[in-house]
Amino acid sequence: MKGQDMIREKKDKIEIIRKNFEERNIEFEYYHSRKDLINSIKKEVEKYRTIGIGNSQTLKALKISELAIDMGKIVYDKTLANTQEEVELLKKNALISDCYITSCNAFSKDGRIVNIDHSGNRVAAMTFGPDRVLIIASENKLEDTEKNALKRALTLATPMNAKRAKIDSPCSRSEGCDQCVQSVRVCNYVSIIRGQHKVGRMKLMIINEDLGF
């Protein structure tokens, strides 16, 4: 396939994805460069006083907490806590922040966003609470269907998150879910966002990179 044909095919694919999400009241933007993405995030953050941050390797790579702090915002990011009590307080405050920024474990061409969560705070804030939700993800998390997106979240993202957190779950050892016990489970909450009831609340921001998992 020639270069121009590949560019046209990708552009058409992005427009199909955009249409599928916007039909579900989820804004969609695709960014070819990190600079453009960061500038767009800054414009969003500037509108709000309090910013909740979901624990995400993608957001860490983009230094989103630092960006918001440098802009003089009140930031609720549990990874900035010094004690477990502070962790819990920051997670609760993030639920009622003006704007919540997070990533996702997978999204699909047909307009779905899939997340796996250990304690549930991230999926709760995405679903209800903050007036504005920004979901920042890289293109490597794209799947064709909701079913494939769920599979990616469970079989790729979950084991990698377990390893990152140094949790000795069966999936972190490439073993089956049937071997799992509650004390090491990292997939307590499975969220599939199929749409938003409120227009203008949620925005999916995709970057042409491979970030997080």
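Look a little higher up for the structure.
Parameters at a glance
- Residues numbered from 1 in each chain as written.
- Predicted model: local features only at pLDDT ≥ 70, side-chain atom pairs only at ≥ 80, totals over all residues.
- Heavy atoms only, no water.
- Helix = DSSP H or I, 4+ residues; strand = E, 2+ residues; numbered from the N terminus.
- Expected span 1.5 Å × (residues − 1).
- Buried < 20%, exposed > 50% of the residue type's maximum accessible area, 1.4 Å probe, protein only.
- Arc of directions from axis to C-beta.
- Polar contact = N/O pair within 3.5 Å; in protein donor to acceptor, adjacent residues only side chain to side chain.
- Contact = heavy atoms within 4.5 Å.
- Core = buried A, V, L, I, M, F, W, Y, C linked by side-chain atoms within 4.5 Å.
- Phe/Tyr/Trp six-rings, centres within 6.5 Å; stacked < 30°, edge-to-face > 60°.
- Pairing = 2+ DSSP bridges.
- Axes fitted to C-alpha atoms, helices over the stretch in contact; angles between N-to-C directions.
- Disulfide = S-S within 2.5 Å.

When the terminal C-alpha atoms of helix α2 (residues 34–45) are compared, their 16 Å separation across 12 residues agrees well with the 16 Å that a helix rising 1.5 Å per residue should span. Inspection of α2 places Leu 37, Ile 38, Ser 40, Ile 41, Glu 44 and Val 45 among the buried residues, and these make up the whole buried set. Projected onto a plane normal to the axis of α2, the buried residues spread over an arc of 160° and lie on a single side. Facing away from the buried side of α2 by more than 90 degrees, the exposed set consists of Lys 35 and Lys 43.

Looking now at the side chain of Asn 105. Among the structural elements, Asn 105 can be located in the loop between β4 (99–102) and β5 (106–108). Within the structure, Asn 105 has its side chain in polar contact with the side chain of Arg 122 (distance 3.3 Å). Beyond its immediate stretch of four places on either side in the chain, Asn 105 contacts Val 114, Asn 115, Ile 116, Arg 122, Lys 141, Arg 152, Ala 153, Ala 157, Asn 161 and Phe 213.

On to the nonpolar core. A general feature of soluble globular proteins is that nonpolar side chains tend to end up buried together. Counting residues in hydrophobic clusters, the biggest one holds 25 residues, and the most contacted among them are Phe 21, Phe 28, Phe 107, Ile 113, Ile 135 and Leu 204. Apart from residues no more than four positions distant in its own chain, Phe 107 is found in contact with Phe 21, Arg 112, Ile 113, Ala 137, Ser 138, Lys 141, Leu 142, Glu 143, Ala 149, Leu 204 and Ile 206.

This next bit is on helix α5 (residues 84–94). Of the residues making up α5, those classed as buried are Val 87, Leu 90, Lys 91 and Ala 94. Looking straight down α5, one finds its buried side chains confined to an arc of 100°; they lie on one side. Across from the buried face of α5, at angles greater than 90 degrees, the exposed residues are Glu 85, Leu 89 and Lys 92. Among the structural elements, β2 (50–53), β3 (74–77), β4 and α6 (121–127) are those in contact with the buried residues of α5.

Under the counting rule described, the total for this entry stands at 1 aromatic pair. Taking the centre distance of 5.9 Å and the plane angle of 10° together, the rings of Phe 21 and Phe 28 count as stacked. Of the two residues, Phe 21 and Phe 28, both sit in the buried class.

Read from one edge of the open sheet, 4 strands run β8-β5-β6-β9, paired in mixed fashion. Of all the strands in the sheet, just β8 (142–143) and β9 (189–193) have a single pairing partner and so form its edges. As defined by bridge partners, β5 adjoins β8 across 2 bridges and the pair is classed as parallel. Bridging from a neighbouring strand, Ser 108 pairs with Glu 143 of β8. Contacts from helix α7 (residues 146–164) reach β5, β6 (113–117), β8 and β9 within the one sheet, and its direction differs from that of β6 by about 30°.

In this section: the state of the cysteines. Inspection of every chain in the model, using the stated rule, returns 0 disulfides. Left without a disulfide partner, Cys 99 is nearest to the cysteine sulfur of Cys 104, which lies 16 Å away.

Excluding glycine, a negative phi dihedral is what most residues carry, and trans is how most peptide bonds are arranged. A positive phi is found at Asn 25, a non-glycine position, where the angle reads about 65°. Along the chain, Asn 25 falls in the loop between α1 (3–22) and β1 (26–31). If you check the backbone angles, Lys 63 has positive phi at about 60° while not being a glycine. Within the fold, Lys 63 resides in the loop between α3 (57–62) and α4 (64–70).

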